[in-house]
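Given next are the chains, with one letter for each unit.
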Amino acid sequence: MVGLQEAPRCEIEVNYNQFGANPPPEMNPVEDYFVQNNENSGSPLLYNPSSPQNSPGSESSTNAKPDHMNRASDLLMAVSIGAGLNKNKIIEQVVEAMEELFKLAIMGEPLWQHNGNGGMETLNGFQYLREFGSFDATMEQIMRMVEVGEPQCFLSSDCNCNFDQDVPSSFSKLNFEPLNIETSRETAFVEMNPMNIVQLLMDTKQWATTFYSIVSRTTLLGVILENVDGSYNGVLQVMSAEFHQRTPLIPARQCYFARYCKKHTNGTWGVVDVSLENLFPYPQVQFRRRPSGCVIQEVGNRGSKVTWIEHVEVDNRSLHPLFRPIVSSGFAFSAKRWIATINRHCQWLTTSTARTAPTTDGVLIPQEGRESLLKLAEKMTKNFFNNINSCSENVWSGLPQNFAAQDVRLRYGNILKVPGKPSGNIVIFTTSIQIPVPMEVLFDFLRHERTRNRWDLLSNQRHVRELVYVSNGENPKNRVSIMQVNSSPNKIEILYLQESYTDETGSYIVYAPMDIMAMSKILNGGNPKFVSILPSGFSIMPDKAPGQGDEAVGSILTLAFQSVDRLSNKEYMPQSTLKIIDAILSTTVASIKDAMLFGIR
């Protein structure tokens, strides 16, 4: 049996009545709000229940329910999966898309080009049109105009280009919409055999579970082609999905597409997605997937070489200016991010099934406890990503403009019901800021026990120590930790579960307070499904794509908190609560900025 009293570097008095962040006499009103409203949650949050559209000086809703919410049923009616004509059209389109995917995977320069040192591979728009476009006299005229430096429409030297410029009348035949084209390619080794990768992509539930940091919602609308032998070779299905980043300030990308899987020679597999808008037009289309997906080749007995390609059209006109450079470059939704996510999944599988995993000071957590701890951390992180994205289910509102915090988004979550305690509304609060320091510097500051008391209001002037941790992958900074906050050597104020993770596409630190008894059960292999957990944390992105421009790459930090609030409901929130919440956010942001800009690291 593993109990917290056996963990290194701590002396715990297991007094459950005293646990729960009992405030010392000097606690200020902000901390008091944290404690009163967060008996089962992380740092507190807020929400303005009155519609911002009806509040003086307030911002409009970030992502109200889209007009095309019924697109899935409309598409099913249009496709009429049983109808031979439409079925043949889809089959023809996905076969062409698969051919294009394989060509894009094997071709090099001048079709593909690197964007500076460390930059991703992007398509050369001219070369792509020459290889895959339908050239007529009008297209030739466009190419000549671009090459001699005349005003351009949608074309540019790379394919991640902007459509917001005026379109000359001579281009009207091309019938382009005001969409950006984003392209990227990434090739990497993945520690998973091709068949398992194929299953992960073709099984809708596995796909959404594995890529939860990218995919908000997904629905299998129908299967057009099946394989009688039960394999995925030749399977064609129609799907819908929403793709997100870890902030409500970047609109989610909703798409309806066909996914086709094909086994080629030498054991190579291809899985391709392509939107069906060309076959079944629909008004107000804001996102399309051109032929995108991956080519998978077996390497050795247990690995694969995966070439991932993202090629999409997207309307970025409603994008927040803070995120415009990183999103319009194609980096925010790039192939690098998909590859990094599947590699993180492989690392998690390896860690969770390992027989032993040394932690702090060589202490071992039993395999059952390690699996439970990792599953609980995954549950926490998944909830965090689901809570703060801009998918159609998350309708966000803003904070009135008379408050100090800027670009704030608020919404209610579900009502939390804990046996023996009064129920309360879960409120979620988030904002994003730009900080001119490298992503790894900000990540280290926020994740580390040594500096936590410089930004966490509940840890202020208290001692924080990492009791135990489990590493996830080769990078020792990627770990699941148990953090203890003490106001005195023998008095526990707070116990946190924390996960920190970083790769070249972004970083996150997610944490949630835990009851000591619940944590002890988890470390002894208890079921994480029965643990109530309310995560808060941070997501970090570079403020521009690596290799883009001469200036150093800084960071965009998204702060998000979640709390149980029993003082308000969807119809009413006291002004005093809004002020305290505003103070919490403003104080946290100011603490982080001061530490980063004035060298207190």
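Here goes a summary of the coordinates provided. (Residues numbered from 1 in each chain as written. Predicted model: local features only at pLDDT ≥ 70, side-chain atom pairs only at ≥ 80, totals over all residues. Heavy atoms only, no water.)

1. A word on the pattern of salt bridges
Per the stated rule, a full pass over the model turns up 18 salt bridges. Note that Arg289 is salt-bridged to Asp273, the shortest N-O span being 3.4 Å. Of the two residues, Arg289 sits in strand 8 (residues 287–289) while Asp273 sits in strand 7 (residues 269–275), which places them 16 residues apart along the sequence. Neither residue differs from the other here; Arg289 and Asp273 are each classed as buried. Linking Asp456 and Arg452 is a salt bridge whose minimum nitrogen-to-oxygen distance equals 3.1 Å. Judged by relative accessible area, Arg452 falls into the buried class, the value being 1%. Because the salt bridges share partners, they merge into one network encompassing Arg259, Asp273, Arg289 and Glu310. (Salt bridge = Lys/Arg side-chain N within 4 Å of Asp/Glu carboxyl O. Helix = DSSP H or I, 4+ residues; strand = E, 2+ residues; numbered from the N terminus. Buried < 20%, exposed > 50% of the residue type's maximum accessible area, 1.4 Å probe, protein only.)

2. Things to note about the nonpolar core
If you look at the biggest cluster of nonpolar residues, it comprises 47 residues, and the most contacted ones within it are Leu201, Trp207, Phe211, Phe243, Trp308, Phe323 and Ile326. Viewed by domain, this core spans two of them, domain 1 (180–350) and domain 2 (369–598), each represented by three or more residues. Other than its neighbours up to four places away in sequence, Phe211 contacts Leu200, Leu201, Trp308, Trp338, Thr341 and Ile342. In this structure, Ile435, Val464, Met573 and Ala595 belong to the second largest nonpolar core, which totals 37 residues. (Core = buried A, V, L, I, M, F, W, Y, C linked by side-chain atoms within 4.5 Å. Domains from an automatic or database assignment. Contact = heavy atoms within 4.5 Å.)

3. Re the packing of helix 11 (residues 439–447) against helix 13 (residues 575–597)
Two elements in contact, helix 11 and helix 13, have axes whose closest approach is 11 Å; the angle formed by their N-to-C orientations is 125°. It follows that helix 11 is oblique to helix 13 by the angle criterion. The element helix 11 and its partner helix 13 pack so that their crossing is right-handed. For the pair helix 11 and helix 13, the contacting residues are Val441, Leu442, Phe445 and Leu446 in the first and Ile592, Ala595 and Met596 in the second. Of the residues contributing to the contact of helix 11 with helix 13, the split by class is seven nonpolar, no polar and no charged. (Axes fitted to C-alpha atoms, helices over the stretch in contact; angles between N-to-C directions. Parallel < 35°, antiparallel > 145°, perpendicular 65-115°, else oblique. Left-handed = near helix turned anticlockwise from the far one by under 90°. Nonpolar A, V, L, I, M, F, W, Y, C, P; charged D, E, K, R; others polar.)

4. Brief notes about the packing of aromatic side chains
With the rule as written, the count across this model stands at 17 aromatic pairs. Ring plane angle 20° and centroid distance 6.0 Å describe the contact between Tyr501 and Tyr508, whose orientation is recorded as stacked. The buried category is assigned to Tyr501, whose relative accessible area is 5%. Site record: aromatic cluster; members linked through ring pairs are Trp207, Phe211, Phe243, Phe257, Phe287, Trp308 and Trp338. Looking at Arg452, its charged tip hangs above the ring of Tyr496, at a distance of 4.0 Å from the centre. The aromatic ring of Tyr469 is capped on one face by Arg479, whose charged end is 3.7 Å from the ring centroid. (Phe/Tyr/Trp six-rings, centres within 6.5 Å; stacked < 30°, edge-to-face > 60°. Lys NZ or Arg CZ within 6 Å of the ring centre and 35° of its normal.)

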